[in-house]
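So you can see what is in the structure, the chains are spelled out below.
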Amino acid sequence: MPAPALPTHTRVVVIGGGIIGTSIAYHLAHLGWKDVTLLERSRLTSGTTWHAAGLMVTFGSTSETSTEMRKYTRDLYGRLEAETGQDTGFRPVGFIEVACDHDRLEEYRRVSAFNRHCGVDVQEISPRQVKELFPLARTEDVLAGFYVKEDGRANPVDASMALAKGARMQGARILEGVPVTGVTHKRGVVTGVDTPFGHVGADVVVNCAGMWARQLGARSGVSIPNQAAEHYYLITEKVPGLLPSHPVLEDPGSYGYFREEVGGLMIGLFEARCAPWNVGGIPDDFSFGEIPPDWDRMGPYLEKAMSRVPISLEVGVKKLFCGPESFTPDLQPIVGEAPELKNYFVAAGLNSIGILTGGGLGRVMAHWIVNGRPDVDVTGFNIDRLQVYQSNPEYRRTRTVESLGMVYQCHYPYRSMQTARGAKHSALHERLAAQGARFKDVSGWEGADWFLPKGAAPQGEVLSWKRQPWFDHWREEHRAAREGVILMDMSFMAKFLVQGRDAGRILNQLSSNDVDGPAGQITYTQWLNEGGTLEADLTVTKLDDERYWVVASDTAHRHVETWMRRRLGDAHAFVTDVTSGYAQLNVQGPKSRALLQAVTSADLSNDAFPFRAAREVDLGFARALCVRITYLGELGYELYIPTEQAVHVYDRLVAAGAPLGLRHAGLKALASLRLEKGYRDYGHDIDNTDSVLEAGLGFAVDLKKPDGFIGKEAVLALKARGPLRRRLVQVLLTDPDPLLFHAEIVRRDQKAVGYVRAASYGFTLGGAVGLAMIDGGGEVIDQAHLDSGTWEVEIANRRYPARASLKPLYDPEMKRIKS
Ligand SMILES: Cc1cc2nc3c(=O)[nH]c(=O)nc-3n(C[C@H](O)[C@H](O)[C@H](O)COP(=O)(O)OP(=O)(O)OC[C@H]3O[C@@H](n4cnc5c(N)ncnc54)[C@H](O)[C@@H]3O)c2cc1C
């Protein structure tokens, strides 16, 4: 075969010609970046794409981004033939998801309301209607079906070919038989790729190498912790009466989905516990490959799935197919620019929905690459949420067993991943465990979620949509913070020491608030991009003129670090990640001053140590940075203690706290307390698409700072457009019974105007409380607008009256904080 004609330089190299690579090439070319070269190791679709089942489903996600990508993909596959002459095989035969137990019914009702709000026409249908649409299914135990008429199936190979053809028609180069052996870089920036046929210079590289993405990334020091796993479907002999026009049926409770395939039935499976494949590395020459099926392991799952469509047990099996698909630690794709290398983009780890989201993901990635930032919320799947240790073989081998199975589990609120736990312990772990802590996975840390009080009967984790057995313990932790004093271990927070002559200038340039005022003061601020939307939400404490203490949440750790480092330039400013070096203990509540005063000689009186003060203090034998600040709305302090002295300080605090009724509190209490106060949490209730003003954080923006800040012009432009018509609003249910979690629809005068982004139970306010981004539909959103409407929140088909407020409903005057 003649050597392929490689360009010496191209603007973008897309590595991999599966559905994702072809979609990104297509969308880049459509956005005007014609100088795109896609390099495929073998032949297009030869990795995972060729054997996908091709389900096209818009129902099922409570992520706005994922739902938009699904809708866009369905629409794109529907119109590609007209553009390219290549059919994608998309057939809108309809899709039905059945619920056969009450928890799933609750979940699908919640999800369907959210999906309808996002423009998906999903209908709840009766078991009889399910039977009419899919007569071969057993429906006597079905409680309801959720039907999307416009969904259906596509042919993954044809869809990829149509995208490739469309990309070529726009001028992109697509070369097969060219493996990328490495990505070259200089001073932290991509310069091109190596291939057996020579080097290709490139400004941007996009790693879409599917299950090979991890090992390719590792060669340039980029961590991409996806892992291939066995993934199955069975195809039966011909089934009389089964037609290609029959809808796709999915029954997660039976581990299976069902559709017609050349006259037989295809039964796809998501088993509860799966088998990772080739943890040591994916073979370089695996092309259009299959994995010998493990009948023994899959037998029980197959039996259960086949019993949903009993005729499948009679007609005979044609093939049990097993192919590899890659999965990620949290079942979200790995997308975006790698923290390790500038202009190294990744789009891999599609968790078995690469076909049905691939069109939309290609659009999102192309927009991100061309415009420098994404136009959708990417906080949930940005590559920088993940950590390097998650690429370890043992981690991947352990976690992947759980992640595939999660696809078909009921997605209960509060569920934490169970595998690959114990990777990170705070210095106080054993002490907290002895106090009854129940832990959850917090970016790999074991974070105390709530505490079982001494003497209380142990309660196992009961997954449900209702109040948990530990609801009352949570309430007591919440109450203690409001009325007494609590202790909370927050050592998982990301902490950075930024030092140097230019440190203050650089941080002030990044921050929309003034963080370079007097030394010994903490400042709450956001970091914005040039578009004025949020990149980070954090605090900066000025220790002295050349030392600053930056603290962000665990999920934002690498994003914040990368954002900072990439903007240092030649300045005399140096960033050190000190997360491991300091434990963080939060002492909060009206009695927190009395408690701390008992263990320090520092004067903590209001005059000597006012709100926002930050000083080094003595605590027993230790010295710690003590900052008077709160994330839950009370008088309180955050202590940053050298890790080796954390246990000592903790013991002193616990001893001194006994007469004050000190209580340990966990992350559940933190959530309920902060949401009552309307405090934001980046990645949960605010994200990269929100302007700082719409997010209600204008109070933390200093437009008068002499040297401005990144994003200032965009903030001014939004201000100039007049009063806001989209705003983050606090919502409180007036009925104390129901619970809110996420994605519940908010209505004003019956009309859906937004959804709850994050929620908890406001024990002090007396009902479930959350934050929702409200769209005024052209109307100005101010308190008068909120007060003049009738507000309701919809939970699983029922509507509950609510209050809506711009100001926090708890302590709006901040009297308690400043007391
Ligand atoms: C049994 C099964 C059923 C499925 N059913 C569905 C479904 O119904 N709906 C759905 O949405 N999804 C489904 N999926 C998932 C879907 O197939 C994947 O999510 C999707 O194909 C992933 O696409 P990709 O482009 O990321 O990976 P791939 O298709 O694997 O593409 C990666 C490409 O990169 C190339 N490559 C690798 N390394 C290099 C290198 N160094 N240089 C150059 N090229 C390289 C490979 O040759 C490959 O062609 C299913 C998967 C399986 C296994």
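Everything below is about the structure shown above.
For every chain, the first residue of the written sequence is number 1, and numbering continues from 1 along that sequence. This being a predicted model, a pLDDT of at least 70 is required before a residue's local features are given, and a value of 80 or more before pairs of side-chain atoms are given or counted; all residues contribute to the totals for chains, interfaces and linings. Side-chain metrics in this entry use all non-hydrogen atoms of the structure; hydrogen atoms and water are not considered.

Colleague: Would you take a moment to explain the overall build of the protein for this structure?
Modeller: Helix and strand labels come from DSSP, where a helix needs a run of H or I of at least four residues and a strand needs a run of E of at least two; each type is numbered from the N terminus. Each helix and strand counted, the protein has 19 helices and 37 strands in total. Considering only C-alpha atoms, the protein reaches an extent of 80 × 65 × 55 Å along its principal axes. Throughout, exposure labels follow a simple rule: accessible area from a 1.4 Å probe, protein chains only, divided by the maximum for the residue type, with under 20% read as buried, over 50% as exposed, and the rest as partly exposed. When burial is assessed residue by residue, the protein has 60% of its 819 residues classed as buried. Contacts spanning at least 24 positions in sequence make up 73% of the contacts within the protein whose residues lie at least 6 apart. Areas reported here follow the Shrake-Rupley algorithm with a probe of radius 1.4 Å; residue values treat only the protein chains shown as occluding. Total accessible area computed for the protein in this model is approximately 30100 Å², and 51% of it derives from carbon and sulfur atoms. Within the protein, one finds 92 positive and 99 negative side-chain charges whose respective centroids are separated by 2 Å. Residue contacts are counted whenever heavy atoms from the two residues lie within 4.5 Å of one another. A positive count includes Lys and Arg, and a negative count includes Asp and Glu. His and the chain ends are not counted in either. In this description, the location of a charge corresponds to atom NZ of lysine, CZ of arginine, CG of aspartate or CD of glutamate.

Colleague: Looking at this model, I keep getting lost on the pairing of strand 27 (residues 582-588). Mind explaining?
Modeller: Counting buried residues along strand 27, six of its seven residues qualify, which places the element largely inside the surrounding structure. The pairing criterion is simple: DSSP has to find at least two bridges between the two strands. One ladder, built from four bridges, connects strand 21 (residues 486-489) with strand 27; its direction is antiparallel. Within the sheet, the bridge partner assigned to Met488 lies in strand 27 and is Asn586.

Colleague: Please clarify how the sheet that holds strand 15 (residues 264-269) should be interpreted in this entry.
Modeller: Sheet strands line up and pair through hydrogen bonds in the backbone, either parallel or antiparallel. Reading across the sheet, the eight strands line up as 5-6-4-13-14-15-12-16 and stay open at both edges, with mixed pairing between neighbours. Two strands close off the open sheet at either side, each with one partner strand: strand 5 (122-125) and strand 16 (317-327). On average, adjacent strands in this sheet sit at an angle of 20 degrees to one another, irrespective of strand direction. Here strand 5 pairs with strand 6 (residues 144-148) via four bridges, running antiparallel. By the bridge assignment, Glu124 is partnered in strand 6 with Phe146. Fitted lines through C-alpha atoms give the axes, limited to the stretch in contact for helices. The angle between two N-to-C directions lies from 0 to 180 degrees.

Colleague: Could you clarify how one ought to interpret the site of the ligand in this entry?
Modeller: Note on terminology: near, applied to a residue and a molecule or strand, indicates that one of the residue's heavy atoms is within 4 Å of it. Taken together, the neighbourhood of the ligand is formed by 36 residues, with Glu40, Arg41, Thr49, Glu325 and Leu356 sitting nearest. Pairs of N or O atoms within 3.5 Å make up the polar contacts considered here, provided that, within protein, one atom can donate a hydrogen while the other can accept it, and that residues adjacent in sequence are counted only when both atoms are side-chain atoms. Ile20 has a polar backbone atom sitting 3.1 Å from an oxygen atom of the ligand. Residue Thr49 places a side-chain N or O atom 2.5 Å away from an oxygen atom belonging to the ligand. When the ligand is considered free in solution it has 1000 Å² of accessible area, and contact with the protein chains removes 97% of it. Sorting the residues of the shell around the ligand by element identifies helix 1 (19-30), strand 2 (36-40), strand 12 (227-238), strand 16 and helix 9 (354-371) as the ones contributing at least two each. Under the scheme applied, nonpolar residues are Ala, Val, Leu, Ile, Met, Phe, Trp, Tyr, Cys and Pro; charged residues are Asp, Glu, Lys and Arg; polar residues are all the others, including Gly. Partitioned by chemical class, the residues of the shell around the ligand number 19 nonpolar, 14 polar and three charged.

Colleague: It is not clear to me how the side chain of Thr523 should be interpreted in this structure. Could you clarify?
Modeller: Relative to the helices and strands, Thr523 is located in strand 23 (residues 521-528). Under the relative-accessibility criterion, Thr523 is labelled buried at 3%. Engagement of the side chain of Thr523 in a polar contact is seen with the side chain of Arg612, the distance being 3.1 Å. Those residues in contact with Thr523 that sit more than four places away from it in its chain are Asn513, Asp514, Val515, Leu538, Thr539, Val540 and Arg612.

Colleague: Looking at this model, I keep getting lost on the environment of Arg104. Mind explaining?
Modeller: Looking at the element boundaries, Arg104 is found in helix 3 (residues 102-117). From its side chain, Arg104 meets the backbone oxygen of Tyr408 in a polar contact 2.8 Å long.

Colleague: Teacher, can you tell me more about the sheet that holds strand 24 (residues 534-544) here?
Modeller: The strand order across the open sheet built from five strands is 23-24-25-22-26, with neighbouring strands paired in antiparallel fashion. Two strands in the sheet have a free side with no partner beyond their single neighbour: strand 23 and strand 26 (574-577). Going across the sheet, the axis of each strand differs from the next one's by a mean of 30 degrees, ignoring polarity. Bridge analysis of strand 22 (residues 494-499) against strand 26 gives four bridges, and the strand direction is antiparallel. Opposite Phe496, over in strand 26, you have Asp577 as the bridge partner. Lying on the sheet, helix 14 (residues 557-565) is in contact with strand 22, strand 23, strand 24, strand 25 (547-552) and strand 26; it crosses strand 22 at an angle near 15 degrees.

Colleague: Just to check I follow, could you spell out the pattern of salt bridges for this structure?
Modeller: Should the charged atoms of two oppositely charged side chains come close, the side chains can pair. Any carboxyl oxygen of Asp or Glu that lies within 4 Å of a side-chain nitrogen of Lys or Arg is treated as forming a salt bridge with it. Summed over the entire model, instances satisfying the criterion amount to 50 salt bridges. Of the charged contacts in the structure, one is a salt bridge between Arg816 and Glu634, with a shortest N-O distance of 2.7 Å. Of the two residues, Arg816 is situated in the segment after strand 37 (798-805) and Glu634 in the loop between strand 29 (622-627) and strand 30 (636-642); the sequence distance between them amounts to 182 residues. The shortest N-O distance in the salt bridge between Asp685 and Arg674 comes to 2.6 Å. Pair noted here: Asp685 is in the loop between helix 17 (667-676) and helix 18 (712-720) and Arg674 is in helix 17, with a separation of eleven residues, a long-range link.

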